[in-house]
Amino acid sequence: LDTWIMSKLHTLINDVQKATEEYDLQSATRFILPFVDDLSNWYVRRSRKRFWKSDDDQDKAFVYKTLHYVLVQLSLVLAPFTPFLAEELYRKLTGGESVHLLDWPSSGHVNEQVVLEMDAIRFVVNEGLSQRSKAQIKVRQPLQAVSVSGMVDLGPNKELYLDVLKEELNVKSVNWNPNGENLIELDLELTDELKSEGIAREVVRFVQSARKEAGLEVDDRIEL
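What counts, and at which threshold
- Every chain begins its residue count from 1, and numbering advances along the sequence as written.
- For this predicted model, a pLDDT threshold of at least 70 governs which residues receive local features, and a threshold of 80 or more governs which side-chain atom pairs are given and counted, while totals over whole chains, interfaces and linings are taken from all residues.
- Side-chain calculation: all heavy atoms of the structure are included, whereas hydrogens and water are not.
- Numbering of helices and strands starts at the N terminus; helices are DSSP runs of H or I of at least 4 residues and strands are runs of E of at least 2.
- When accessible area is computed with a 1.4 Å probe and restricted to protein chains, residues below 20% of their type maximum are described as buried, those above 50% as exposed, and intermediate ones as partly exposed.
- Within this scheme the basic residues Lys and Arg register as positive and the acidic residues Asp and Glu register as negative, but His and the chain ends are omitted.
- For this purpose, a charge sits on NZ of Lys, CZ of Arg, CG of Asp or CD of Glu.
- In this description, strands pair whenever DSSP reports at least two bridges between them.
- Axis angles are defined between N-to-C directions and span 0 to 180 degrees, where every axis is a line fitted to C-alpha atoms and, for a helix, only to the segment in contact.
- Contacts: residue pairs with any heavy atoms within 4.5 Å of one another.
- Buried Ala, Val, Leu, Ile, Met, Phe, Trp, Tyr and Cys residues that are joined via side-chain atoms within 4.5 Å together make up what is termed a nonpolar core.
- Each reported salt bridge corresponds to a side-chain nitrogen of Lys or Arg within 4 Å of a carboxyl oxygen of Asp or Glu.

Turning our eyes to something else, we now look at the overall build of the chain. On a plain count of helices and strands, the chain comes out with nine helices and three strands. Along the chain direction, N to C, the helices and strands of the chain fall in the order α-α-α-α-α-α-α-β-α-β-β-α. In terms of principal-axis extent, the alpha carbons of the chain reach across some 60 × 50 × 35 Å. The 224 residues of the chain split such that 37% are buried. A distance of 4 Å separates the average location of the 27 positive side-chain charges in the chain from that of its 37 negative side-chain charges.

Written out as structure tokens, the structure is:
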């Protein structure tokens, strides 16, 4: 995930620089919002457990360091287009004098394979959630499986990617085949066991909501 967001950042720097040098400012700014979406709705959201760790281990420190670096570099990219926002972001993050006194950021290595793999995962997630929506099945309701074919070969990190899919789509298993026809299909059949698990998750959600409204702490015991 860290390699992916860094590659996305370096790609952003290259794309904005190229478009700006060609005086195509409209295209230059179009690259920014998709990157912010990548950063917020995928990298930060998928890294929440790493941020929340109680112990100050290396992984927690690394994810904070990565996010800080990305945001500082983003402030440099934003500077020509949203000068006041970029200045506020840069000063809050670094305490430096001004983002507008700095040179344009230099881009680093782009791991195109990791970008390709993670973008494929995000595509499958979006398609799977769309199928859930059409079938009017909430994400909290577990499903048995999703079958994917005709997509990129996930390589040595396949199991990590499949775990992401299981969590995002709330499925028990993932059948991933890089060969064959391009196809993404959720198993929408709800067995009694899956329905029961879905009901249990709904109960947990309602209880957690009630706890929050009552102002209870995490370690406060309740009668249910």
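What follows is about the sheet that holds strand β2 (residues 171–177). Consider a sheet: its strands pair through backbone hydrogen bonds, and that pairing is either parallel or antiparallel. Spatial strand order, β2-β1-β3: three strands in an open sheet with mixed pairing. At either end of the open sheet lies a strand with only one pairing partner, and these are β2 and β3 (183–186). Taken over all neighbouring pairs, the strand axes of this sheet differ in orientation by 10° on average, direction set aside. Note that strand β1 (residues 143–149) and β3 share four bridges and pair antiparallel. Note on β3: the bridge partner recorded for Ser147 is Glu185. The strands that helix α7 (residues 112–134) touches are β1, β2 and β3; relative to β3, the one it contacts most, it runs at about 45°.

This part is about the nonpolar core. Nonpolar side chains in soluble globular proteins tend to be buried together. Counting residues in each nonpolar core, the largest one holds 50 residues, and the members touching the most others are Trp4, Phe35, Ile121, Val124, Val146, Leu165 and Trp176. Broken down by element, the residue count for this core peaks at eight residues, all from helix α5 (residues 58–78). In this structure, Ile121 is in contact with Trp42, Leu154, Tyr161, Val164, Leu165 and Trp176, ignoring residues within four places of it in sequence.

Scanning all chains against the criterion turns up 17 salt bridges. Close ionic contact of Arg46 with Glu167 constitutes a salt bridge, the shortest N to O distance being 3.5 Å. Taken together, the residues Arg46 in helix α3 (residues 32–46) and Glu167 in helix α8 (residues 158–169) connect sequence positions 121 residues apart. Note on Glu167: relative accessible area 46%, which makes it partly exposed.

Any functional reading would require information beyond the geometric quantities listed.
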